[in-house]
Each structure stands twice: as C-alpha cells, then as structure tokens.
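Structural characterization, general
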Amino acid sequence: MRIVACNGFGLEKEKSNSPEDFFNRSVIQYIKDGEEKTLNVLYLRYFDEMVTLWTPYPANPLFKSPNRDIYMADIIAMVCLLKDPSLVNRKRIYINAEKDLAGYFENIDFEKLEKVFISIDQAKPYDIESHVDYYI
C-alpha cells in the first residue's frame, strides 16, 4: 500500500441547525493494487481533547513535519487503516464511541507514523509493506 496524502479538518455548519461543527473528518489517500482509494473517517471533535490518553504527545499539534503541524485529525484515518486492514474495502467510517477510537490507537508505533508524515509532506508517497510493522 502506498500512502499519498493524509489530512484532517473540522466540519463547518452548512445550515444553522446542523450539528456539523461537532465533527472532524480525517482523510487518507492511498494506492492499493494499482487503484487509488480514499478512506474518510468522521468522528466527534471532542475526541481531539483526549490526545494524551491515546498518544505519547502532550497536546495538539502532535508533532511537526517539514511543511506543517500534524494534528490529531490528520492521523486518525491512517491509524484506523493501519489497525484494521479490512478498511481498504471501505470509503468511510463513523466513530462516535470513545472506546472504539481508543482501540485503534492501541499499540501504534508513533515514531514510524511520524516518518510517514515527513515523507508524504515532502511529496514522496510512502510505501507500507505490512500494517503489523506499525505496532509496538
């Protein structure tokens, strides 16, 4: 699997009565078996406040790559895809339970995750041979 891009952002209200501003979207673009795919992870923005529970980082932004600060929303789609390879067959998932998101972060090797972001932010796609390589 070749990681091409990974970004996150907060949703904004389109209508005054919509709850969209309570959510973030994390998006990963990758190439698998010659086909370009995208996984969108929609999750409660509140989970960004739990960065210290699930990661070794003290706050958002989590770390810096050469071109930008990397936030929780930027890494969630990648963490989900690495933890659950069956998600390559999905286009989107919705996470609304704290324990579900926490499960994705268990045993993730964050040092290797940082290397992926440094590479893709320098416009160099990053090849992942096995998702197991990203576990501690």
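The preceding data block contains the structure.
Residues numbered from 1 in each chain as written. Predicted model: local features only at pLDDT ≥ 70, side-chain atom pairs only at ≥ 80, totals over all residues. Heavy atoms only, no water.

1. Details of the side chain of Asp121
On the secondary structure map, Asp121 appears in the loop between helix H4 (110-120) and strand E7 (126-127). In contact with Asp121, other than residues within four places in its own chain, are Ser65, Asn67, Arg68 and Ile70. (Helix = DSSP H or I, 4+ residues; strand = E, 2+ residues; numbered from the N terminus. Contact = heavy atoms within 4.5 Å.)

2. Topic: the sheet that holds strand E2 (residues 23-32)
Hydrogen bonds along the backbone pair up the strands of a sheet, which may run parallel or antiparallel. Taken in spatial order, the five strands of this open sheet run E6-E3-E2-E1-E7, and their pairing is mixed. Edge positions in the sheet fall to strand E6 (92-95) and E7, since each of these pairs with one other strand and no more. Both strand E3 (residues 35-44) and E6 contribute to a ladder of four bridges, which runs parallel. The residue bridging Tyr43 from the neighbouring strand is Ile95, located in E6. Contacts from helix H2 (residues 72-83) reach strand E1 (2-10), E2, E3 and E6 within the one sheet, and its direction differs from that of E2 by about 50°. Packed onto the sheet, H4 meets E1 and E7 and runs at close to 95° relative to E1. (Pairing = 2+ DSSP bridges. Axes fitted to C-alpha atoms, helices over the stretch in contact; angles between N-to-C directions.)

3. Considerations on the pattern of salt bridges
The final tally for this structure, using the stated rule, is four salt bridges. Where Asp69 meets Lys64, a salt bridge forms, and the shortest distance between an N and an O atom there is 2.7 Å. What makes Asp69 partly exposed here is its relative accessible area of 25%. Under the relative-accessibility criterion, Lys64 is labelled exposed at 63%. (Salt bridge = Lys/Arg side-chain N within 4 Å of Asp/Glu carboxyl O. Buried < 20%, exposed > 50% of the residue type's maximum accessible area, 1.4 Å probe, protein only.)

4. Some thoughts on the packing of aromatic side chains
If you walk through the whole model with that rule in mind, you get eight aromatic pairs. Taking the centre distance of 5.9 Å and the plane angle of 20° together, the rings of Trp54 and Phe105 count as stacked. Here Phe105 lies in helix H3 (residues 98-105) and Trp54 lies in helix H1 (residues 51-54), a separation of 51 residues in the sequence. Each member of the pair, Trp54 as well as Phe105, carries the same accessibility label: buried. Ring geometry for Tyr57 versus Phe63: centroids 5.5 Å apart, planes at 40°, classification tilted. (Phe/Tyr/Trp six-rings, centres within 6.5 Å; stacked < 30°, edge-to-face > 60°.)

5. Re the packing of H2 against H4
Close contact between H2 and H4 brings their axes to 12 Å; oriented N to C, the two are set at 115°. The interaxial crossing formed by H2 with H4 has right-handed handedness. Along the contact surface, H2 presents Asp74, Ile75, Met78, Val79 and Leu82, while H4 presents Phe110, Leu113, Val116 and Phe117. Of the residues that constitute the contact of H2 with H4, the class distribution is eight nonpolar, no polar and one charged. (Left-handed = near helix turned anticlockwise from the far one by under 90°. Nonpolar A, V, L, I, M, F, W, Y, C, P; charged D, E, K, R; others polar.)

6. As for the packing of H2 against H3
At a minimum axis separation of 8 Å, H2 and H3 run at an interaxial angle of 75°. The angle between the axes of H2 and H3 places the two elements in the roughly perpendicular class. For the pair H2 and H3, contact is made by Met72, Ile75, Ile76, Val79, Cys80 and Lys83 and by Leu101, Gly103, Tyr104 and Phe105, respectively. Broken down by class, the residue content of the contact of H2 with H3 amounts to eight nonpolar, one polar and one charged. (Parallel < 35°, antiparallel > 145°, perpendicular 65-115°, else oblique.)

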